[in-house]
Structures are given as structure tokens and as C-alpha cells.
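Residue-level structure breakdown
Below, each chain spelled out in residue letters.
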Amino acid sequence: MYMTVKLMVSPRQPVLPPNRLFRELESGRISRQDFHEAMAVHAQELIGEMEEQRVNPLAAFSEFIRNRRSARKLSREHGEAVVREVFVTLADIEGFAPASLLWNAGHRHVPLYCFLRLRHRPLFRVIAMESSLTKVIITVEYQFGEDPCPTRENFMLKRDLAGDMRVEYRKVLS
């Protein structure tokens, strides 16, 4: 009854992000067992990060302060709602490695700084962002897994007629 969906998205992101897994489960494209196995991978990643933070609380605290400062600056310049909307739009991009970090950016009870990783792997930084009512241009840098150097990408997001944010173009920078 269930169709098999390949869970591999890219070498950087071995499992679909949770938001996409939920959609796949609800549409019947993956089985409940496949869903649980994929979510277990995400849970193990979170547990691993918590263990790292417990081992080195000073480094974890300094990362927390940096992330919070960066999130506060983004919110002040562009508004928290716009930043969250941009992150949610980026999380829906096929094969975008940071989607596993950004998948629940639309949930206002999760602080904005939780989505930024300035120095701790997996890295996700907002390098530059320009926003207006109809479009957003954002440059992000990220590094996942065993990648030797960070990847920098530039996106232009535009609002469609329904008011939803969509990716107009995506360019990998050197």
C-alpha cells in the first residue's frame, strides 16, 4: 500500500528534515516505520549535541551568546516575523542542507537564536540580508558533516500573488 520514497536528499543531509518527513507520512508516501527510523536519526543528532554541550559548557555558553546576539540583530533590522518566514522558505528548498536546522522556524515558541550556528558544527550563518515588502535577498553560509570548507549561497525570495515567499533564484558563491 505504501510507496517507497528514497530518504536520501544529498550527501550533506542524509535524511529529509522533519517538516518534509511529516508531509511524506501524511500523504502516505512513506510508512510509519520509515518515519520513525528517520526521526530517530534526528533525535540522535540532538542527543549528540546535548552531550557535547555538557562536556564543554563554557564553549556552549559562548556559542549561545553569539547566536543570540546575531538573532537579535537580524530581528532588529528586519523584524522577527520576516526572518522566520525566510527561514521557513529556506527549509522547504529541496536538497538544502540547513533545512534540518530550520524546519520549525515558523514556531514562535522556539527562540530565533536556536536556528543560527555561528561557530559550532553544523554551521549556519546569515552573512547578509536585505528585505522589502515583496522580496528578500539573503546570503547564507553553512557547513555540514565532513565538508572541508563552508558553502556560501545567495538567494532571492519573492512573494507570489498569494503573499507566500518563494525562491526566485539560488546561486552558490565561491
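Reading guide: rules and limits
Residues numbered from 1 in each chain as written. Predicted model: local features only at pLDDT ≥ 70, side-chain atom pairs only at ≥ 80, totals over all residues. Heavy atoms only, no water. Helix = DSSP H or I, 4+ residues; strand = E, 2+ residues; numbered from the N terminus. Buried < 20%, exposed > 50% of the residue type's maximum accessible area, 1.4 Å probe, protein only. Polar contact = N/O pair within 3.5 Å; in protein donor to acceptor, adjacent residues only side chain to side chain. Contact = heavy atoms within 4.5 Å. Axes fitted to C-alpha atoms, helices over the stretch in contact; angles between N-to-C directions. Parallel < 35°, antiparallel > 145°, perpendicular 65-115°, else oblique. Expected span 1.5 Å × (residues − 1). Arc of directions from axis to C-beta. Pairing = 2+ DSSP bridges. pLDDT = per-residue confidence, 0-100. Core = buried A, V, L, I, M, F, W, Y, C linked by side-chain atoms within 4.5 Å.

**Brief notes about the side chain of Glu141**
Topologically, Glu141 is positioned in strand S2 (residues 135-143). We classify Glu141 as buried; its relative accessible area is 11%. In terms of polar contacts, Glu141 uses its side chain to reach the side chain of Arg125, at 2.3 Å. Among the polar contacts made by the side chain of Glu141, one reaches the side chain of Arg152 at a distance of 3.1 Å. Glu141 has contacts with Leu123, Phe124, Arg125, Ile127, Pro150, Thr151 and Arg152, leaving out every residue within four places of it along the chain.

**Quick word on unusual backbone geometry**
The linkage connecting Arg121 with the following residue, Pro122, adopts the cis geometry, with an omega of 0°. Residue position: Pro122 is located in the loop between helix H5 (99-102) and strand S1 (123-131).

**So, the packing of helix H3 (residues 57-78) against helix H4 (residues 80-91)**
Interhelical geometry of H3 versus H4 gives an angle of 110° and a closest axis separation of 7 Å. Taken together, the axes of H3 and H4 lie roughly perpendicular to each other. Every residue of H4 that contacts H3 at Leu74, Ser75 and His78 is listed here: Glu80, Val82, Val83 and Phe87.

**Regarding H4**
Taking 1.5 Å as the rise per residue, H4 with 12 residues should run 16 Å; its terminal C-alpha atoms sit 16 Å apart, in good agreement. Those residues of H4 lying buried are Val83, Arg84, Val86, Phe87, Thr89, Leu90 and Ala91.

**Considering H3**
Across its 22 residues, H3 extends 31 Å between first and last C-alpha, which sits within 8% of the 32 Å expected from 1.5 Å per residue. Every buried residue belonging to H3 is among Glu63, Asn67, Ser70, Ala71, Leu74 and His78, and all of these are buried. Buried residues along H3 cover an arc of 100° about the axis, so they all sit on one side. Residues Pro57, Leu58, Arg69 and Arg76 are exposed on H3 and point more than 90 degrees away from its buried face. Looking one or two places after H3, you find Gly79, whose phi comes out positive at around 90°.

**Re the pairing of strand S4 (residues 165-173)**
The sheet contact formed by strand S3 (residues 151-159) and S4 spans 8 bridges and is antiparallel. Bridging from a neighbouring strand, Lys158 pairs with Arg166 of S4. Here S3 hands over to S4 after 5 residues, with Gly163 in that stretch at a positive phi of 90°.

**Observations concerning the confidence of the model for the chain**
Per-chain confidence: the chain averages 88 in pLDDT, with 92% of residues scoring 70 or above. Under a pLDDT of 50 for its full length, residues 1-13 has, in the predicted model, 32 contacts with residues more than four places off or in other chains.

**Points about the environment of Val83**
Residue position: Val83 is located in helix H4. The exposure class assigned to Val83 is buried, which follows from its relative accessible area of 1%. Placed 74 residues apart in sequence, Val83 and Leu157 show a C-alpha to C-alpha distance of 12 Å. If we ignore the near neighbours within four places in the chain, the residues touching Val83 are Leu74, Ser75, His78, Leu112 and Met129.

**Observations regarding the sheet that holds S1**
In a beta sheet, neighbouring strands pair by backbone hydrogen bonds and run either parallel or antiparallel. Taking strand neighbours across the sheet as the criterion, the 4 strands line up as S1-S2-S3-S4 in an open arrangement whose pairing is antiparallel. On the outer flanks of this sheet lie S1 and S4, each paired with one strand and no other. If you compare each strand with its neighbour and ignore which way they point, the axes differ by 20° on average. Pairing of S2 with S3, which is carried by 8 bridges, proceeds in the antiparallel orientation. Across the sheet, the residue bridging to Val140 is Glu153, located in S3.

**Description of the nonpolar core**
In summary, soluble globular proteins display a tendency toward joint burial of nonpolar side chains. Phe87, Leu90, Phe96, Phe124, Val126, Ile138 and Val140 are the most contacted members of the largest nonpolar core, which has 29 residues in total. Of all the secondary structure elements, the ones that give two or more residues to this core are H3, H4, H5, S1, S2 and S3. Broken down by element, the residue count for this core peaks at 5 residues, all from H4. Setting aside its immediate chain neighbours within four residues, Ile138 contacts Val86, Leu90, Val126, Ala128, Met129, Glu153, Asn154 and Phe155. Formed by 7 residues, the second largest nonpolar core is a distinct cluster that contains Leu16, Leu21, Ile30 and Phe35.

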